[in-house]
Amino acid sequence: MGQKLLISGSPGCGKTTWILNTIKRNQGACGYLRLSEQANNGQEKSPESLIDCTFLKDQVPHLQDLSSCPDTSISKHKDFLSLIELSQSQSPDQLEAVGINPYVKSQLESLKLQPDRHLHFGRDSELPNNDTLVFKELESWSLNLAKSVWDPQSLNTFWFELVNGAYGDVYRAKGLMNLPDGQSIFFNWIVSQKGSQFLPLKTVSPPNGRPERPSGLVIQGKGLDCINIQSTINLCLLNDALLEMHQIPLRDRQSEALYAS
Amino acid sequence: MKHAVISCLHANLAAVKAVLNDIDQKGISDITCLGDLVGYGPQPNEVVDLVRERDIASCQGCWDEDIIEGLNACECSYPSQLAEKRGHLAHEWTAEQLTDINKDFLASLPTSIRRDRILFVHGSPNSQHEYLLPDMNAFAALERVEKAGADTLFCGHTHQPYVRELKNGSIRVRLQNTSNHNAEEKEINLPMRKIVNAGSVGEPRHGSTNATYVIHDDVTGEVEIKEVAYDIGLTCQAIIDAGLPRIFAWRLSHGFEFAEQAEDASHVCER
């Protein structure tokens, strides 16, 4: 049997980045699972989970999704590394007293994934000691943006307004947004760090209608103006006619390049 | 004699009052307005009433034109879908609020005002929608001033105040004579031309929330860019009370335009 690590920490502490680097360094195959502390209203995966899984899978295409097949023969291989990510808002001191919450335990049991070790950001020296905030009573708002495509300039404006406090005190925002040219951009921002991270996924969809891959937005903060966040997003998303207008010249250019070659 | 130039009032009554008060305190009675009396802001009638009462000579801005013509500003003026939708919303609200008398007043405004070799326009001599940005290609900038027959061109529209001196300009003309195939060349040196952008009273975008305007001395040619603080809270509350998008209040209170400006400095509306 391979090793199973449970990696927990507060939002924005660098769990996903650490996991990505660990996967890249690992010689053998790896699996990934993202757990939440609360039930997700019957949805299969939360937008945050979809964003992280899609991002990691894009960066490491051979990564195995443990939520769909945790117990395959490959995962039983001794070199197999299972990485389980858990967003947990408790500080390290509280964590000792509280332990892993029962909902998380039940998820792990149902997937037959018993971690060999639990590493927590801010407690364990194996993990980087990033300067992150301890969030308490955090509001969280998320939106599944599957098949939605943004007007690129509008997305710039919306993100600028969002992280600068136009819709409440945002402490953390993470998104995976589709653009009309087939790109998907990973957006990542936390109040304690300077600037936003914008990372285009390696996988690009053809500019032919709406992409099939997951897309979503997760915002954590206080006094969030969710109604106006949603209404601004609605003003930024392209309808079918406008999407087609954006994509026609891109398809023409692709055809010309193909013809020329 | 000193005169004041104001621009882009954008229905922001508190800012307009503060700027007029500042001008009055300096004893300047000659004021020219470069348009955009309305648009985005919450007090279009109050601002137009005040400009009419004070009998301030005004050009027509792009917003004034669009409200009158019943047109939404041309799509190419908006840098994004979001800016366009917000702009259309503000347009519909403003058109609904404005009285017929004030609409007639905006319709009566000229697109430019000339005083000898000084020209006042909203955007550029070509169009109310064209941006003359401070870093615009020098040749294009000189062409705008020269073609308009002006020494000094006052404009607004960009909401960023600046003074640009265009020195050492020259035009080279080559004339081909068909009868003897000889070409004649002539170089004409141009005196210094000046573009003065008055910034914006009601929707500043120069890194501060203060309203801006300029004072020009037509004897010495000296230009001063003035900044005036005003009670932004009053305008923000009026935006919310009017039912305009709350984001307008947030953007104004942070010194951002209600919608972003177009980035193409040489853009000319083809409508």
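Being a predicted model, the structure only gives us computed values, none of them experimental. (Residues numbered from 1 in each chain as written. Chains lettered and ligands numbered in written order. Predicted model: local features only at pLDDT ≥ 70, side-chain atom pairs only at ≥ 80, totals over all residues. Heavy atoms only, no water.)

Topic: the overall build of chain A
Part 1 of the argument: For chain A, the count of helices and strands is seven helices and 10 strands.
Part 2 of the argument: Split into buried and exposed, the 261 residues of chain A put 49% on the buried side.
Part 3 of the argument: For chain A, contacts bridging at least 24 residues in sequence account for 77% of all contacts bridging at least 6.
Part 4 of the argument: Approximately 12800 Å² of chain A is accessible, and the part contributed by carbon and sulfur atoms is 51%. (Helix = DSSP H or I, 4+ residues; strand = E, 2+ residues; numbered from the N terminus. Buried < 20%, exposed > 50% of the residue type's maximum accessible area, 1.4 Å probe, protein only. Contact = heavy atoms within 4.5 Å. Areas by Shrake-Rupley, 256 points an atom, 1.4 Å probe, with all protein chains shown as cover.)

Remarks on the interface of chain B and chain A
Part 1 of the argument: If you look at the interface, chain B gives 12 residues, while chain A gives 19 residues.
Part 2 of the argument: Between chain B and chain A lies a buried interface of about 1200 Å² when both sides are counted; carbon and sulfur atoms form 57% of it.
Part 3 of the argument: Interface area lost by chain B to chain A is led by B:Q81, B:L82 and B:W250, which between them contribute 47%.
Part 4 of the argument: The tally of links from chain B across to chain A stands at two salt bridges.
Part 5 of the argument: Between A:E161 and B:R251 there is a salt bridge; the shortest N-O distance is 2.6 Å.
Part 6 of the argument: Taken together, chain B and chain A are joined by eight residue pairs in polar contact (both at pLDDT 80 or more).
Part 7 of the argument: Elements with a contribution of two residues or more to the side of chain B that touches chain A: α4 (81–97) and α8 (246–253) of chain B.
Part 8 of the argument: Looking at the side of chain B that touches chain A residue by residue, the class counts come to five nonpolar, two polar and five charged. (Buried area = accessible area lost by both parts, 1.4 Å probe. Salt bridge = Lys/Arg side-chain N within 4 Å of Asp/Glu carboxyl O. Polar contact = N/O pair within 3.5 Å; in protein donor to acceptor, adjacent residues only side chain to side chain. Nonpolar A, V, L, I, M, F, W, Y, C, P; charged D, E, K, R; others polar.)

Brief notes about the pattern of salt bridges
Charged atoms that come close allow side chains of opposite charge to pair.
Residue and element names in this part refer to chain B.
Part 1 of the argument: Counted under the stated rule, the structure contains 27 salt bridges over all chains.
Part 2 of the argument: For D30, the salt bridge identified is with R115, shortest N-O distance 3.7 Å. Of this pair, D30 sits in the loop between α1 (13–25) and β2 (31–33) while R115 sits in strand β4 (residues 112–115), and the two are 85 residues apart along the sequence.
Part 3 of the argument: Looking at R115, the relative accessible area reads 28%, which means it is partly exposed.
Part 4 of the argument: Between K147 and E143 there is a salt bridge, with its nearest N and O atoms 3.5 Å apart. Separated by four residues within a single helix, K147 and E143 lie in helix α6 (residues 138–147), roughly one turn from each other.

Some words on the domain arrangement of chain A
Residues and elements named next belong to chain A.
Part 1 of the argument: Taken as a whole, chain A is organised into domain 1 (3–120) and domain 2 (139–247).
Part 2 of the argument: Facing the 12 residues of domain 1 at the interface are 19 residues of domain 2.
Part 3 of the argument: Carbon and sulfur atoms supply 62% of the area that domain 1 and domain 2 bury against each other, a total of about 1500 Å² over both sides.
Part 4 of the argument: Of all residues in domain 1, I51, F55 and D58 give up the largest surface area on contact with domain 2, accounting jointly for 37% of the area buried on that side.
Part 5 of the argument: Our count for the domain 1 to domain 2 interface comes out at two salt bridges.
Part 6 of the argument: With its nearest N and O atoms 3.8 Å apart, the salt bridge here joins E48 to K174. (Domains from an automatic or database assignment.)

What about the sheet that holds strand β9 (residues 197–200) of chain A?
Backbone-to-backbone hydrogen bonds pair the strands of a sheet. The strands run either parallel or antiparallel.
Residue and element names in this part refer to chain A.
Part 1 of the argument: Spatially, five strands are ordered β6-β10-β7-β8-β9 in an open sheet, and the strand pairing comes out antiparallel. With partners counted over all chains shown, the strands left at the sheet margins are β6 (139–144) and β9, one partner each. Within the sheet, the average angular offset between the axes of one strand and its neighbour, ignoring direction, is 10°.
Part 2 of the argument: Where β6 meets strand β10 (residues 216–222), six bridges bridge the pair, whose relative direction is antiparallel. The residue of β10 that forms the bridge with W141 is I219.
Part 3 of the argument: Packed on one face of the sheet, helix α5 (residues 152–163) meets β7 (169–178), β8 (184–190), β9 and β10 and runs near 160° to β7.
Part 4 of the argument: On the sheet, helix α6 (residues 226–236) packs against β6 and β10 and is oriented at approximately 25° with respect to β6. (Pairing = 2+ DSSP bridges. Axes fitted to C-alpha atoms, helices over the stretch in contact; angles between N-to-C directions.)

Concerning the pairing of strand β10 (residues 193–197) of chain B
Residue and element names in this part refer to chain B.
Part 1 of the argument: Burial runs high along β10: five of the five residues are buried.
Part 2 of the argument: Burial of β10 is two-sided: the residues R193, I195 and N197 facing one way and the residues K194 and V196 facing the other way are all buried.
Part 3 of the argument: Both strand β6 (residues 152–155) and β10 contribute to a ladder of four bridges, which runs parallel. Looking across to β10, one finds that L153 is bridged to I195.
Part 4 of the argument: Pairing geometry for strand β7 (residues 162–166) and β10, over five bridges, is antiparallel. By the bridge assignment, L166 is partnered in β10 with R193.

Focus on the environment of B:L153
Residues and elements named next belong to chain B.
Part 1 of the argument: Along the chain, L153 falls in strand β6.
Part 2 of the argument: For L153, a relative accessible area of 0% translates into the label buried.
Part 3 of the argument: Here the alpha-carbon distance between L153 and R86, two residues 67 residues apart in the chain, equals 31 Å.

Digging into the packing of α1(B) against helix α2 (residues 44–53) of chain B
All names here are of chain B.
Part 1 of the argument: α2 packs onto α1 with a crossing angle of 25° between their chain directions and a minimal axis gap of 9 Å. Here α2 runs roughly parallel to α1, going by the angle between their axes. Between α1, through L13, V16, K17 and L20, and α2, the contact on the second element is made entirely by E46, V47 and L50.
Part 2 of the argument: In terms of residue class, the contact of α1 with α2 is built from five nonpolar, no polar and two charged. (Parallel < 35°, antiparallel > 145°, perpendicular 65-115°, else oblique.)

A few points about the pairing of strand β1 (residues 3–9) of chain A
Residues and elements named next belong to chain A.
Part 1 of the argument: With six of its seven residues buried, β1 lies for the most part within the structure.
Part 2 of the argument: Note: β1 against strand β4 (residues 81–87), seven bridges, orientation parallel. Looking at β4, one finds that K4 is bridged to S82.
Part 3 of the argument: Of the pairings in the sheet, the one linking β1 to strand β5 (residues 117–120) comprises four bridges and is parallel in character. By the bridge assignment for β5, L5 is matched with R117.

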